[in-house]
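# Observations on the model geometry
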Amino acid sequence: MSKRKSSHPVNTPQKKARSSHAEPSEDKEESIHYDLGGSVLGTQQNASGEVGIIEKIFLKNFMCHSLLGPFTFGSNVNFVVGNNGSGKSAILTALIVGLGGKAQTTNRGSSLKGFVKEGESSAEISVTMRNRGQDAYKPDVFGQSISIDLRISSEGLRTYKLKSSTGQLVSSKKEELVAILDHFNIQVDNPVSVLTQEMSKHFLHSKGEGDKYKFFMKATQLEQMKEDYSYIMETKTVTHNTVEKYEETLQEMRRKYKEKEERYKNLASLDEMLEKLDRLKHQMAWALVAEMEQEVNKMKGRIAEEDKSTIKYDQKVDEWKEKVEEAEQRYKTFHDQLESVTQRVQVLQPKCGLLRDKAQDCNKAFRKAEAGFHRQKTKTRDLERDKEQLTKRINELKQSISQTSAADTQNRMQQISHLQAELETLTFQESTLAQQIDQFQQACTGAKDRLGKMRREEQDLKRALDAKQRDLAAMEGSRQGGLRRFGEKMPEFLAAIEEAHIKGQFRRKPVGPLGFCIRLRDPDMALAVENCLKNLMLAFCCDNYNDERVLQSLMGRCFPQGRRPQIIVSEFTDTPYNVRDRAVTHPEYPSVLQALYIENPVVANCLIDMRGVETILLIKNNKDARRVMQCGNPPRNCREAFTCEGDQVYSNRYYSSDQQRALYLSHDVEQEIRHLQAALSTQETNLKNFKQQIGDVNENFHQNESLLKRALENQRRIKVQCRKLQLEINELRNVEEPQSEDLKPLEDELEELSSRLEVCREECESERQQMLTLKKEYEEADVLYRQHRETINSVAEEAEPIKEELSKSDQEVEKCKHHKKHYEEKRKAHIKNIQDQKVVLEKKEQELKASVTKASEICQERLEIRRTAKSLDHEINQLKHKVSAQQHQHGDRDTIVRQYQEAFEKYNSIAQQVKGLKHFTLLLSKIMNTRHNVYTEMRRYLSVRCKYYFDSMLSQRGYTGSMAFNHKTEALSIAVQPGEGNKATLSDMRSLSGGERSFSTVCFVLSLWAIAEAPFRCLDEFDVYMDMVNRRISMDMMLKIAASQRYRQFIFLTPQSMSSLPVNNLTRILRLTDPDRSQSTLPFGQRNPEVPE
């Protein structure tokens, strides 16, 4: 069908050109109106077709013509005029055959060899089609035209050559020609595109309604669609019958296949049983050997494990000894680094403030000098412009020959003085605004920097507020249970530990968190103890590494994200360590171990190992702590001390605590909640006030920004006024004054202006040098300040990780010492047991050698056995009984295998075919239902459009008619009445005269033109039976339609002279030379191929 569809029937004649790049004609757009039943079809643009139209055709030895053409066709209307025998129909026939049409389509012959001129070996046809614009077919290959050269041999063989616009051969394949015709929407066998003389006569003389319906179906290509659908449905029926036939035989084939399969499986089963019986006998031979070897290997494994354990303990002792030395060395290194960082920060801090103040002062001086420089530069530029204009004015006055009165000159000078006064006032205002703009810009920059800093501080306050809120939530949760102080997930984690312990997953139940297992004897020391133990408050103790792995898996479920509690692995003991010799003793202050009430000795021993709590004093007063630890020698065995504020005191250094209150060991929960609520309220108030300050600074920034915009606008306005005043002054000065004595004031003014300009230039250069100097000083000062500030920040950031690492290294030293002692003691426990096991192993190996010798006599090759001898003996007895029972049931083995394979392949092939055909028929039914609905809707739509255009065409002659489609009976009835409108009675076309019938035929063809598209239309002797009136009306109608469709090509073949046609650039008439009737054969060699009119 057509590539384009119209959304409404009336708009069909108004379709645009095929290419959106068609160039309009230079002539004025031409509007063509013709009345179709009282309506105006529309206005058309003057455009021409871009693709698919026939540009040229040439014939050689075709039919009875030796040489015909070449004929050059116009892009719109073409009349091929000539008497009978001149070659009109030969041109149309050559067009059909040259574009791939069949010989039967031309109604001029039954085969192609009939078109070769008698006595010649071949005929040639050359057709050139236009190929331009956006819809062009492979424009980079073919160019702006495509030449189709066809050679027909005397045997009826045709050969194509497709050439580009330059004459280069592109392809010789028929498939390429078909692709070109499909791309251009050309169907040479469609009577709407090419209506031959025989087809026209057949339609005129046709009296049956079925023939008219077939003509309509063929013209709209609905007939081809219907035939395709019928063929598809026949194929579907055949496929469905095939599927039903195969399904009937498939069940029987399956039954036979199953029988063959059962016999094959039984045969394979018997062979397998015999082979299995032999294997079992061999396995039985080595079964006892394997059992004895397994026992011996277990003993060897136990002895090897004990030996490895001894080596492992030796390695562990050496490893922890090295770790103790490394930990002590790291502790000393971190201590020295911390001292160095502290001294560096103290040295750098004072200088930072001085550099910041210096940078700010330099910035202010630079901004002030920059504003002065710009004001001086503006003043210099204005003076230079005034000097130039004044100089030009003086030169013009000297050359002027016109005269003006003294009164006018005095009045003009007064006006100039008045305007100059106004200009100076505006200049002063502009200078003032420049200073204000500079101040506003500095204020906006400072406010923006301050806003950035305040927003960063606001984020810090929010983070601190969130931390307080989390601490408050944990403390409130501890009202119901103290465990919630140690984390929201801690109760759930302890419940999981208890459940795993009940299931027996632990050898010894883990203990923790350690902070929950201790009690304070003095509540005032809660913060000191928490700062001392730190992460140990949340730690857990495990007896062995197996329990540690189980505990890690439980932590993975309860603590999927975030930080997990620490796990300490140490063998549990029921008695606490004896630390009397290494513990610190003081008459006034207790150690951390003495200040705690600990029921579980595992917890006490862990704190001694990991933190050395027996060597740490608790001193409430800071002053007393310094006195005890740093004034003189510290107490014996005392490593460090903590104050009630959480400060950490060494013999040579002092660290203040960042933590203000105890989180885990606080005795009064309600008091802690109140403190946290008060602190939270204070922080919220501070945050609210800080937000208010940010709002005030932001409001001030927006006010300054608004004032800056207003000042800039005023500055622009004043500059505009200054330019206007300067123009007025220049105009007044430009009035010609030939009197030389009147030039004296201007020359004096020019001299004064020159001196002022020199002074201003010197001042501007001075200001520029000063600005550059101050800018350099500011950049240097700012770089020094930023570098110094970054240095301090980097140094300060180094202190925190060093402090943390110092504490960790101290704990690491104690931990390494504990592990070293632990492995030294465990190494001695198992050495004696190893010697006893080796004696028993020697006896077992002697028994194993005897068993191997006996098994080798039964089976020489050693087999790997995984089963016991008892189970093998039982299976051998059962297998022997089955073998004896099935040996009498089977025949020839090769025959059974061959029959099974043939049955399997045949059944599988048929089953796959049936499945594929079922899916194909189901999918085809769905597709055909959808396509049939679309086909029915398209047929109805085209019928309605055809009726409408047929009535419209008849109305041009004053005819009335009707067109009735009966798609069920495939009939088309046309009734036409050439009377006066509604007063006449409709009658069948058979009652019309020849001219009226031809006119009606033309109307019907034109209506089909409106619903089917092609780049060109060809009609052969359409007016053969028309009288002059109908011929004129038909011709006018076709010309109007052709004029309204400039993008299509129309080729009319007629014996009429067409001398009455109007002359224009859209119509081309090709006159063919009349044949010579005086000869027995017609000479077609000499013709006038193209005579444009």
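These numbers come from a predicted model, not from an experiment.

Parameters at a glance
- Residues numbered from 1 in each chain as written.
- Predicted model: local features only at pLDDT ≥ 70, side-chain atom pairs only at ≥ 80, totals over all residues.
- Heavy atoms only, no water.
- Helix = DSSP H or I, 4+ residues; strand = E, 2+ residues; numbered from the N terminus.
- Buried < 20%, exposed > 50% of the residue type's maximum accessible area, 1.4 Å probe, protein only.
- Contact = heavy atoms within 4.5 Å.
- Areas by Shrake-Rupley, 256 points an atom, 1.4 Å probe, with all protein chains shown as cover.
- Salt bridge = Lys/Arg side-chain N within 4 Å of Asp/Glu carboxyl O.
- Polar contact = N/O pair within 3.5 Å; in protein donor to acceptor, adjacent residues only side chain to side chain.
- Phe/Tyr/Trp six-rings, centres within 6.5 Å; stacked < 30°, edge-to-face > 60°.
- Lys NZ or Arg CZ within 6 Å of the ring centre and 35° of its normal.
- Pairing = 2+ DSSP bridges.
- Axes fitted to C-alpha atoms, helices over the stretch in contact; angles between N-to-C directions.
- Parallel < 35°, antiparallel > 145°, perpendicular 65-115°, else oblique.
- Left-handed = near helix turned anticlockwise from the far one by under 90°.
- 1 Å grid on protein atoms, 1.4 Å probe; cavity = no way out; pocket = protein on both sides within 12 Å on 5 of 7 lines; lining within 4 Å.
- Points joined across faces, edges and corners; volume = space filled by probe spheres on them.
- Core = buried A, V, L, I, M, F, W, Y, C linked by side-chain atoms within 4.5 Å.
- Patch = residues over 30% accessible without salt bridge, like charges linked within 9 Å, V, L, I, M, F, W, Y side chains within 5 Å.
- Lys, Arg positive; Asp, Glu negative; His and termini not counted.
- Charge placed at Lys NZ, Arg CZ, Asp CG, Glu CD.

### Topic: the overall build of the protein chain
When helices and strands are counted, the protein chain shows 21 helices and 24 strands. A burial count over the protein chain gives 42% of its 1093 residues as buried. When contacts within the protein chain are restricted to residue pairs at least 6 apart in sequence, those whose partners lie at least 24 apart make up 76%. Just so you have it, the protein chain exposes about 61,200 Å², and 48% of that area is on carbon and sulfur atoms.

### Section: the pattern of salt bridges
Pairing is possible between side chains of opposite charge, provided their charged atoms come close. By the definition in use, this model includes 23 salt bridges. One salt bridge connects Glu 845 with Lys 300, and the closest N-O pair in it is separated by 3.6 Å. Of this pair, Glu 845 sits in helix H17 (residues 831-858) while Lys 300 sits in helix H7 (residues 222-399); the two residues are 545 residues apart in sequence, bridging distant segments of the chain. Across the pair Arg 582 and Glu 614 runs a salt bridge, and its minimum N-O distance is 3.8 Å. Placement of the pair is Arg 582 in the loop between strand S13 (567-569) and helix H12 (592-595) and Glu 614 in the loop between helix H13 (601-611) and strand S15 (616-618), with a sequence separation of 32 residues. With relative accessibility at 39%, the residue Arg 582 sits in the partly exposed group.

### Considering the environment of Ser 86
Relative to the elements of secondary structure, Ser 86 occurs in the loop between strand S5 (77-81) and helix H1 (88-98). For Ser 86, a relative accessible area of 0% corresponds to the buried category. Sequence separation between Ser 86 and Pro 1075 is 989 residues; the distance between their C-alpha atoms is 5.5 Å. Of note is the side chain of Ser 86, whose polar atom sits 2.6 Å from the backbone oxygen of Asn 83.

### Points about the packing of aromatic side chains
This model, assessed by the stated rule, comprises 11 aromatic pairs. Ring geometry for Phe 79 and Phe 1052: centres 5.2 Å apart, planes at 35 degrees, overall tilted. Taken together, the positions of Phe 79 in strand S5 and Phe 1052 in strand S23 (residues 1049-1054) put the pair 973 residues apart, joining distant regions of the chain. With a centroid separation of 5.1 Å and 80 degrees between ring planes, the pair formed by Phe 493 and Phe 540 is classed as edge-to-face. In this pair, Phe 493 is assigned in helix H9 (residues 490-502) and Phe 540 in strand S12 (residues 540-542), connecting sequence segments 47 residues apart. Each of the two residues, Phe 493 as well as Phe 540, counts as buried. Feature note: the residues Phe 79, Phe 1050 and Phe 1052 constitute an aromatic cluster, connected by ring pairs. We note Lys 323 situated over the ring of Trp 320; from NZ or CZ to the ring centre the distance is 4.3 Å.

### Describing H13
A large share of H13 lies buried, amounting to 11 of its 11 residues. What H13 keeps buried is the set Pro 601, Val 602, Val 603, Ala 604, Asn 605, Cys 606, Leu 607, Ile 608, Asp 609, Met 610 and Arg 611. Where H13 begins, the side chain of Asn 600 points an oxygen toward the backbone nitrogen of Val 602, at a separation of 3.0 Å. Of the residues flanking the end of H13, it is Gly 612, one or two places downstream, whose phi is positive at about 65 degrees.

### A few points about the pairing of strand S22 (residues 1016-1020)
The buried fraction of S22 amounts to five of the five residues, a majority that puts the element mostly inside the structure. The two faces of S22 match: Phe 1016, Cys 1018 and Asp 1020 on one face and Arg 1017 and Leu 1019 on the other face are all buried. Bridge count between strand S10 (residues 194-195) and S22: two bridges; the pairing is parallel. What sits directly across from Val 194, in S22, is Cys 1018. Sheet topology places S22 next to S23; five bridges connect them, and they run parallel.

### Considerations on the packing of H9 against helix H11 (residues 545-558)
What describes two packed helices is the angle between their axes and the distance between those same axes. Where H9 meets H11, the axes come as close as 10 Å, and the angle between the chain directions of the two elements is 140 degrees. One element, H9, and the other, H11, form an angle in the oblique class. Judged by the sense of rotation from one axis to the other, the crossing of H9 with H11 is right-handed. Where H9 abuts H11, its residues Glu 492, Phe 493, Ala 496, Ile 497 and Ala 500 lie against Leu 551, Leu 554, Met 555 and Cys 558.

### As for empty space enclosed by the protein
Inspection of the entire model under this criterion finds nine cavities of 30 Å³ or more. Its boundaries defined by the atoms lining it, the largest cavity holds a volume of some 90 Å³.

### Here's the deal with the side chain of Thr 921
If you trace the backbone, Thr 921 turns up in helix H19 (residues 893-954). Separated by 2.8 Å, the side chain of Thr 921 and the backbone oxygen of Lys 918 make a polar contact. The contact partners of Thr 921, leaving out residues within four places of it in the chain, are Lys 236, Thr 239 and His 240.

### Description of the sheet that holds strand S18 (residues 654-655)
Strand order in the open sheet formed by four strands is S15-S16-S17-S18, and the pairing between neighbours is mixed. Each end of this open sheet is capped by a strand with a single partner; those strands are S15 and S18. Strand direction decides the pairing type here: strand S16 (residues 640-642) and strand S17 (residues 648-649), joined by two bridges, are antiparallel. Residue pairing for S17: Ala 641 is matched across the bridge by Val 649.

### Quick look at the nonpolar core
Counting residues in each nonpolar core, the largest one holds 52 residues, and the members touching the most others are Phe 79, Phe 216, Phe 1004 and Leu 1008. Among the elements that line this core, the one with the most residues is helix H20 (residues 994-1011), at 10 residues. Apart from the residues within four sequence positions on either side, Phe 216 is in contact with Leu 222, Leu 942, Ser 943, Cys 946, Phe 965, Leu 972, Phe 1004, Leu 1008 and Ile 1011. Formed by 47 residues, the second largest nonpolar core is a distinct cluster that contains Leu 92, Val 127, Ile 186 and Ile 1051.

### Brief notes about a positive patch on the surface
Taken together, the side chains of Lys 377, Arg 381, Lys 719 and Arg 723 present a region of like positive charge at the surface. Position of Lys 377 relative to the elements: it lies in helix H7. Under the relative-accessibility criterion, Lys 377 is labelled partly exposed at 42%.

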